[in-house]
Every structure is written in C-alpha cells, then in structure tokens.
Amino acid sequence: MTNLLDSDWIAIDGTLDAIDFDGFADDRSPAELARLVLNAYSRPGDWMLDPFAGLGTGLITAQAMGRHCIGFEPNAARADWVRERLWPPNRIIQAPIEDLSAHQLSCFALVYTSPPYPMVNLEDDPWGPCYFADMQVIFASIAPHVAPGGRLVVEVSNILTEDGYRPLVGQMAETIGRVFRLECEVVRINTSGWPAGPGVQHSSLLIFGG
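Residues numbered from 1 in each chain as written. Predicted model: local features only at pLDDT ≥ 70, side-chain atom pairs only at ≥ 80, totals over all residues. Heavy atoms only, no water.

Enquirer: Provide a residue-level description of the overall build of the protein, including the pertinent values.
Expert: Counting its secondary structure elements, the protein contains 5 helices and 10 strands. In summary, the protein has a C-alpha radius of gyration of 16 Å against a globular reference of 17 Å for 210 residues, a match within 12%. With the C-alpha coordinates aligned to their principal axes, the bounding extent of the protein is approximately 45 × 40 × 35 Å. Within the protein, the proportion of its 210 residues that are buried is 49%. Considering only contacts in the protein between residues 6 or more positions apart, those separated by 24 or more positions represent 64%. Of the roughly 9,800 Å² of accessible surface on the protein, 53% is carried by carbon and sulfur atoms. Within the protein, the 26 negative side-chain charges are centred at a point lying 8 Å from the centre of the 13 positive side-chain charges. (Helix = DSSP H or I, 4+ residues; strand = E, 2+ residues; numbered from the N terminus. Rg over C-alpha atoms; globule rule 2.2 N^0.38 Å. Buried < 20%, exposed > 50% of the residue type's maximum accessible area, 1.4 Å probe, protein only. Contact = heavy atoms within 4.5 Å. Areas by Shrake-Rupley, 256 points an atom, 1.4 Å probe, with all protein chains shown as cover. Lys, Arg positive; Asp, Glu negative; His and termini not counted. Charge placed at Lys NZ, Arg CZ, Asp CG, Glu CD.)

Following this line, the structure appears as structure tokens:
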C-alpha cells in the first residue's frame, strides 16, 4: 500500500457532481478526492469510517470501490438520502459521532472525513467556543477504533469570509495531533475554479497515523 502521492500537493478538477438531494449540497468533497484517499489507504474488503458523513460522498465511493463503510450523520434528511444508496453491510447511523460508544463497531483501516467548519468568530458559531476542545474529544473517542497500521485522513481548508480569516488547517492539525500522530499534509488544488473551502481554492489532507 502506497502513500497518497509522492508529492505534498495534488491538482484535481474538484467539480462536485450534481445530486438529487432536496437541500443544500455544496458542502461536499469531490468523489475524485475520495477515490485517491481510498486507493492509497485501504484495500477492497477493508472497513472505512466517516464520523461526519454529510451526504455520504466517502461512503458511496468506498462502497463502489469494494470497501465496507459506516458513517454517522445526525441530520435526518441527509442520513435518509445516503441510506437509500448503501447496501449491507454498509450503513449510515443517524446520530452524532458523539454517540459512537453506543454502537458496537469493529476497527477501521481508514477513517476519512471532513469535519464541520466553524465560523471565523467562534462566539458567533452554533457550535460555540468549545469547538476545538470538542473536536479533540471526538477524535480521542475514534482512536481506539483505528486498526493497527490504519490511517486517519481529514480534509480541511482555511476559511476566508467577510468576517475575516481563520487558519483552520493549522488549528485542526494541532487539535487532532494531540490524539493522533500527524504524518504529512497534502494540499489539494482545484483546477476547475470550484471552491475547495469557504473563500479558498485549496484544501489540505491531514494524514495521521495511530
């Protein structure tokens, strides 16, 4: 099994495929990126976890590539949409990842996800000022479920809005790095002009070992 790439950056088209979800659907990672991650850090038959599944790009791509997958998504409409596109043993659990301990899950060769992004000003964010402390607790709860030799791959971008700038990539690397060992960062650049994050044309894959 090889690393994601031999370079510390990749260029992809990055355009999001049109889907028939009746609601906001632009907060997704491109399937092209998911395929790169899955090819690098899993084999057919391996299990993948997405703790922030959203509209299930990672799960659906994993299934198409012969992997097994489980995701958590608290939003009922999103979870239902993804559930219709998975078949056993793959599944999505309509619950926040904080409920992980309530489910008996085996170990995963790969955890691949993109967490919910906070606002520039945490005081204005629905998650609140405890965002980073909560992220550390969440990833600490995931750590025992990563198989020996497994990887955690987190896609995240910096944030640039009219409210200002948040260097979220570095902040997330520091937060998760208190739990997992950060191995490398691979920068993803979109060639299509499609945004890779709020106000930015690139994101990062933070690749952690157990």
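Additional details are given in the paragraphs that follow.
Enquirer: Talk me through the packing of aromatic side chains; I want residue IDs and the actual numbers.
Expert: Tallied over the full model, the rule gives 5 aromatic pairs. Aromatic side chains W127 and Y131 sit 5.6 Å apart centroid to centroid with 80° between the ring planes, which places their arrangement in the edge-to-face category. Taking the relative accessible area as the measure of exposure, Y131 reaches 1% and is therefore buried. (Phe/Tyr/Trp six-rings, centres within 6.5 Å; stacked < 30°, edge-to-face > 60°.)

Enquirer: Can you break down the packing of helix α1 (residues 31-41) against helix α2 (residues 57-64) residue by residue, with the values?
Expert: Contact geometry for α1 and α2: axes closest at 9 Å, N-to-C directions at 55°. It follows from the interaxial angle that α1 and α2 lie oblique. Between α1 and α2 the crossing geometry is right-handed. Along the contact surface, α1 presents A31, A34, R35 and L38, while α2 presents T57, G58, T61 and A62. A breakdown of the residues in the contact of α1 with α2 according to their chemical character gives 4 nonpolar, 3 polar and 1 charged. (Axes fitted to C-alpha atoms, helices over the stretch in contact; angles between N-to-C directions. Parallel < 35°, antiparallel > 145°, perpendicular 65-115°, else oblique. Left-handed = near helix turned anticlockwise from the far one by under 90°. Nonpolar A, V, L, I, M, F, W, Y, C, P; charged D, E, K, R; others polar.)

Enquirer: Describe in detail the pattern of salt bridges, supporting the description with residues and values.
Expert: This model, assessed by the stated rule, comprises 8 salt bridges. Across the salt bridge formed by D20 and R85, the nearest N and O atoms sit 3.0 Å from each other. Of this pair, D20 sits in the loop between β1 (9-12) and α1 while R85 is found in the loop between α3 (76-83) and β4 (91-93), placing the two residues 65 residues apart along the sequence. In this structure, the salt-bridge partner of R78 is D27, at a minimum N-O distance of 2.9 Å. You can see R78 sitting in helix α3 and its partner D27 sitting in the loop between β1 and α1, a full 51 residues away along the chain. Overlapping salt bridges bring together D20, E84 and R85 as one network. (Salt bridge = Lys/Arg side-chain N within 4 Å of Asp/Glu carboxyl O.)

Enquirer: Let's hear about the side chain of E73: which residues, and what values?
Expert: Mapped onto the elements of the fold, E73 is located in the loop between β3 (68-72) and α3. At 5.3 Å, R78 is the nearest oppositely charged side chain to E73, a buried residue that forms no salt bridge. A distance of 2.9 Å separates a polar side-chain atom of E73 from the backbone nitrogen of N75. Not counting chain neighbours up to four residues away, the residues in contact with E73 comprise A53, G54, R78, A79, I92, I93, Q94 and A95. (Polar contact = N/O pair within 3.5 Å; in protein donor to acceptor, adjacent residues only side chain to side chain.)

Enquirer: Which residues make up α2, and what values go with them?
Expert: Burial runs high along α2: 6 of the 8 residues are buried. Along α2, the positions that sit buried rather than exposed are T57, G58, L59, T61, A62 and Q63. Along its buried surface, α2 packs onto α1, β2 (47-50), β3, α3 and β4. Of the residues trailing α2, G66 is marked for its positive phi of about 80°.

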